[in-house]
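Residues per chain are reported as follows:
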Amino acid sequence: AWSVLCPSPSLLLSPQADAPQPETAALFARRRAHLARPQKNYYAAPPQIERGWKEHLFDVEGHAYLDMVNNVTILGHGHPKFAAAIGAQWLRLNTNSRFHYAAITEFSERLAALSPDGLDAVFLVNSGSEANDLALRLAQAHSGARNMLCLLEAYHGWSAASDAVSTSIADNPQAPTTRPDWVHAVVSPNTYRGAFRGPDTAAGYLSAVTPVLEAIDAGGNGLAGFICESVYGNAGGIPLPDGYLREIYAQVRARGGLCIADEVQVGYSRLGHYFWGFEQQGVVPDIITIAKGMGNGHPLGAVITTREIAQSLEKEGTFFSSTGGSPVSCIAGMTVLDIMAEEKLLENARTVGDHLKARLAALIDRHPIAGAVHGMGLYLGLEFVRDRTTLEPATEETAAICDRLFELGVIMQPTGDHQNVLKIKPPLCLSIDSADFFADMLEKVLEEGW
Ligand code: PLP
């Protein structure tokens, strides 16, 4: 049966082999009519994706695309071993997570073993938003305070609490006006553009945190914690300035608050040089949140913290997620870890990411619009500017470049509050050839115009 569900690559490369598909434009119109939330980041006339294989997607008309923005299916599309493992578990057992079965114990043990010492209490959930909501709730319960510190231009999810600390105006233009009074946002430490770029970047950005902390102190209601991504994701993967997190963590902890590392995008090997993003700053958070790639597209998330912090919620009685940590979810999570080790995906993210970064950096010498390459591993950002001195964002140009790349078979989207950065986050199995194809196509667009 599995050979039917996991077809060979050659079948995957001939998508027309399937039954007739609904007409693409009509299907899209039906989608827009019935999905309650307008989907952002869509091409005006998106292709009807029918299947995927490794870092490639195929539409119903047989076009192949290189998928350079997928931070969910990290193993690559159509992975036979992954599909077989979750399918087999589904046939054997899937049930409410309140039952007792081996997979939930084994997966929690493995997550604890991957985490820094002391962080060995695991909550299994279904998404990054849910993980961040729970992390914020834990920090508030543990500290007895409500105030949360976060960064501007951040995205942490769409559920109630994670949305409150999602400050990105590109994702939510209403964010500044709808922010609850317990959310205190400070300017993001953008080392490329922004108020404090330059030689003393960390000190400058830290100086912007001080008045916010002082205002919280003056309010007398305490500080519950601080949440941020360990790499500045929304700006295209800009590493935080050296020492930045160490100093903020110290100040937050001195006030009784907890430090939450949102590793939903940057954790789990994407950076290539580190398993967790916070390692790059030399800090250990009190709470880690993770989702997206950890389930390779199967809904799965986790909050990893200390036993003492986890117990802060015990007085709130029984609470649980019915499907978070279900047998299928746990098998999905463990199979992702097995395949990442077998296929050396962390090492691949490093090797291919370093190669791609060097190719993109070479564009800076030849094309004035290419202002900077950010990031590391397979979490890169190429920032387009109209002027390298004023750093005026090349927003319209970035959209046009993405459209032209699409015509050339590359799926790519802009990010950031100015939408002028290519957000490069392909499956971690990206080959050197595919990285070169992407760089070649980009170079072609920059040379020929867009
Ligand atoms: N945190 C970060 C950094 C994210 O990028 C996202 C999603 O894009 C989330 C949290 C929310 O995760 P989910 O979409 O699984 O709820």
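Residues numbered from 1 in each chain as written. Predicted model: local features only at pLDDT ≥ 70, side-chain atom pairs only at ≥ 80, totals over all residues.

Going by the annotation in an unreviewed UniProt entry, the name recorded for the protein chain is Aminotransferase, with Rhizobium aouanii given as the source organism.

**Student:** What am I meant to see in the sheet that holds strand β14 (residues 379-384) here?
**Tutor:** Paired through their backbone hydrogen bonds, the strands of a sheet run either parallel or antiparallel. If you trace the four strands from one edge of the open sheet to the other, you get β13-β14-β17-β16, paired in antiparallel fashion. Either end of the sheet is taken by a strand with one partner, and the two such strands are β13 (370-376) and β16 (414-415). Taken together, the six bridges between β13 and β14 define a ladder with antiparallel strand orientation. Within β14, the position partnered with H374 by the bridge is G381. Sheet strands in contact with helix α13 (residues 345-366) are β13 and β14, and its direction is about 165° off that of β13. (Pairing = 2+ DSSP bridges. Helix = DSSP H or I, 4+ residues; strand = E, 2+ residues; numbered from the N terminus. Contact = placed C-beta atoms within 7 Å. Axes fitted to C-alpha atoms, helices over the stretch in contact; angles between N-to-C directions.)

**Student:** Hey, could you run me through the packing of helix α4 (residues 80-92) against helix α12 (residues 327-342) in this one?
**Tutor:** When two helices pack together, you describe them by how their axes are tilted relative to each other and by the distance separating the axes. Where α4 contacts α12, the two axes come as close as 9 Å, and the packing angle between them is 155°. As far as their axial angle goes, α12 and α4 are roughly antiparallel. In this structure, the crossing between α4 and α12 has a hand that is right-handed. Where α4 abuts α12, its residues K81, F82, A85, I86, Q89 and W90 lie against P327, V328, I331, A332, T335 and I339. Looking at side-chain class alone, the contact of α4 with α12 contains nine nonpolar, two polar and one charged residues. (Parallel < 35°, antiparallel > 145°, perpendicular 65-115°, else oblique. Left-handed = near helix turned anticlockwise from the far one by under 90°. Nonpolar A, V, L, I, M, F, W, Y, C, P; charged D, E, K, R; others polar.)

**Student:** What am I meant to see in the sheet that holds strand β15 (residues 410-411) here?
**Tutor:** In space, the four strands of this open sheet follow the order β1-β2-β3-β15, with mixed pairing throughout. In the strand order of this sheet, the two ends are held by β1 (49-53) and β15, each with one partner. With four bridges connecting them, β1 and strand β2 (residues 56-59) associate as antiparallel partners. Within the sheet, the bridge partner assigned to G52 lies in β2 and is L57.

**Student:** Before we go on, may I ask you to explain the site of the ligand in this structure?
**Tutor:** Within the structure, the ligand sits among 14 residues, and S127, G128, S129, G157 and V264 are positioned closest to it. Among the elements that line the shell around the ligand, the one with the most residues is helix α6 (residues 128-143), at three residues. Taken together, the residues that form the shell around the ligand break down as three nonpolar, eight polar and three charged. (Near = placed C-beta within 6 Å.)

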